[in-house]
Amino acid sequence: MSSESTILNTPVPPQTSAPVATVPPIWQVTIGVMALQGDFDAHEKALAALPGVSVKRVRTVADLDSVDGLILPGGESTTMAKLLLRFELMEPLKKRLNAGMPAFGTCAGLILLSEDILNRPEQPTIGVLSCTVDRNAFGRQVDSFETDLAFPLPDEPAAMVRAVFIRAPYVVQARGEAQVLATYDNRIVAVQQNNILGIAFHPELTGDLRVHSYFVNLVRHSTEKR
Ligand code: GLN
């Protein structure tokens, strides 16, 4: 059989109507994970499991420019603050956040986002959450623990999330526009101020993606002026 007749004999696929879209298209966003220190890889894995999300490690100003929202992971807030200054990321980051870029800080990330740290006025912070945090505030005997925490989500107001606390801070005062989202034992462990979310625990370690998904939706609806 000649190649021509092979082509001519190729059956024409039956005409069917185009599949009807049953789900709305997902608006693709790029979420950065600050990767200077700490457990950024666990956040990357959590984000990679969510539809419509591209994940980008942020280590330079060029990286920061390419993202729609940023996660600041857990780790050591003193080290991260030093590295933000050394890599000249602190000022560009403040500028993006003040312009409305959404950010999500977990544990050390919450400390970095807060306005001030109890008894540590010398430790630099980004200062976009109107809060005072206390570092390592749950005390030595309970350095790390897990609990089920009431964490209201827009489509699930009675949500309980598994919360892992590792040498965690808590918020001793939330002021102004900072809204309290969750408390544990009468201590504030999650706050939100417009597009900035700060939580004292580690949702990236539990396989429960609902808090990440909540943040990604904040990013999808962000109106940052750039
Ligand atoms: N104790 C750390 C700090 O103060 C935070 C711990 C964490 O991120 N798991 O920076």
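Residues numbered from 1 in each chain as written. Predicted model: local features only at pLDDT ≥ 70, side-chain atom pairs only at ≥ 80, totals over all residues.

### Digging into the overall build of the chain
Part 1 of the reasoning: Of regular secondary structure, the chain possesses seven helices and twelve strands.
Part 2 of the reasoning: For the chain, contacts bridging at least 24 residues in sequence account for 68% of all contacts bridging at least 6. (Helix = DSSP H or I, 4+ residues; strand = E, 2+ residues; numbered from the N terminus. Contact = placed C-beta atoms within 7 Å.)

### Remarks on helix α4 (residues 77-86)
Part 1 of the reasoning: Regarding α4, the residues found buried are Ser77, Met80, Ala81 and Leu84. Along the axis of α4, the buried residues cluster in a sector spanning 100 degrees; they form a single face.
Part 2 of the reasoning: Residues of α4 that are buried make contact with α5 (90-98) and α6 (108-113).
Part 3 of the reasoning: One or two steps after α4, the chain reaches Glu88, where phi turns positive at roughly 55 degrees. (Buried ≥ 20, exposed ≤ 12 C-beta atoms within 10 Å, placed from the backbone. Arc of directions from axis to C-beta.)

### Remarks on unusual backbone geometry
Part 1 of the reasoning: At Asn136, a position not held by glycine, the phi torsion is positive, near 50 degrees.
Part 2 of the reasoning: Residue position: Asn136 is located in the loop between β6 (129-134) and β7 (144-150).
Part 3 of the reasoning: Judged by C-beta crowding, with 12 C-beta atoms within 10 Å, Asn136 ranks as exposed.
Part 4 of the reasoning: One non-glycine residue, Asn186, lies in the positive phi region at around 65 degrees.
Part 5 of the reasoning: Structurally, Asn186 is set in the loop between β10 (179-184) and β11 (187-193).
Part 6 of the reasoning: A count of 6 C-beta atoms within 10 Å places Asn186 in the exposed class.

### What about the site of the ligand?
Part 1 of the reasoning: For the ligand, the full set of nearby residues is Gly74, Gly75, Glu76, Ser77, Cys107, Ala108, Ile111, Arg135, Asn136, Ile166 and Arg167.
Part 2 of the reasoning: Partitioned by chemical class, the residues of the shell around the ligand number four nonpolar, four polar and three charged. (Near = placed C-beta within 6 Å. Nonpolar A, V, L, I, M, F, W, Y, C, P; charged D, E, K, R; others polar.)

### Observations concerning the nonpolar core
Part 1 of the reasoning: Among the nonpolar cores identified, the biggest contains 62 residues, and Leu113, Val189, Val191 and Ala200 are the most heavily contacted of them.
Part 2 of the reasoning: Beyond its immediate stretch of four places on either side in the chain, Val189 contacts Tyr170, Ala182, Thr183, Tyr184, Ile199, Ala200 and Phe201. (Core = buried A, V, L, I, M, F, W, Y, C linked by C-beta atoms within 7 Å.)

### Examining the environment of Asp148
Part 1 of the reasoning: Note on placement: Asp148 falls in strand β7.
Part 2 of the reasoning: For the pair Asp148 and Val164, spaced 16 residues apart in the sequence, the C-alpha separation amounts to 8.9 Å.
Part 3 of the reasoning: The residues contacting Asp148, other than those within four sequence positions of it, are Met160 and Arg162.

### Overview of the pairing of β10
Part 1 of the reasoning: Where β10 meets β11, five bridges bridge the pair, whose relative direction is antiparallel. When the bridges of β11 are listed, Tyr184 appears paired with Arg187.
Part 2 of the reasoning: Taking the residues that link successive antiparallel strands as the turn, the β10-β11 hairpin has two residues, and the phi of Asp185 there is positive, at about 55 degrees. (Pairing = 2+ DSSP bridges.)

### Here's the deal with the environment of Leu85
Part 1 of the reasoning: Structurally, Leu85 can be placed in helix α4.
Part 2 of the reasoning: On the basis of neighbour count, Leu85 is assigned to the exposed category, with 12 C-beta atoms found within 10 Å.
Part 3 of the reasoning: Along the backbone, Leu85 and Pro124 are 39 residues apart, and their C-alpha atoms lie at a distance of 9.1 Å.
Part 4 of the reasoning: Residues contacting Leu85, with those up to four places away along its chain left out, are Met90 and Pro124.

### Digging into the environment of Phe145
Part 1 of the reasoning: Relative to the helices and strands, Phe145 is located in strand β7.
Part 2 of the reasoning: You can call Phe145 partly exposed: it has 14 C-beta atoms within 10 Å.
Part 3 of the reasoning: Put simply, Phe145 and Val164 are 19 residues apart on the chain and 6.0 Å apart in space, counted from C-alpha to C-alpha.

### Concerning the confidence of the model for the chain
Part 1 of the reasoning: Predicted confidence across the chain gives a mean pLDDT of 91, with 88% of residues reaching 70 or more.
Part 2 of the reasoning: Segment residues 1-6 is flagged for pLDDT under 50; beyond a separation of four residues in sequence, or across chains, it makes one contact in the model. (pLDDT = per-residue confidence, 0-100.)

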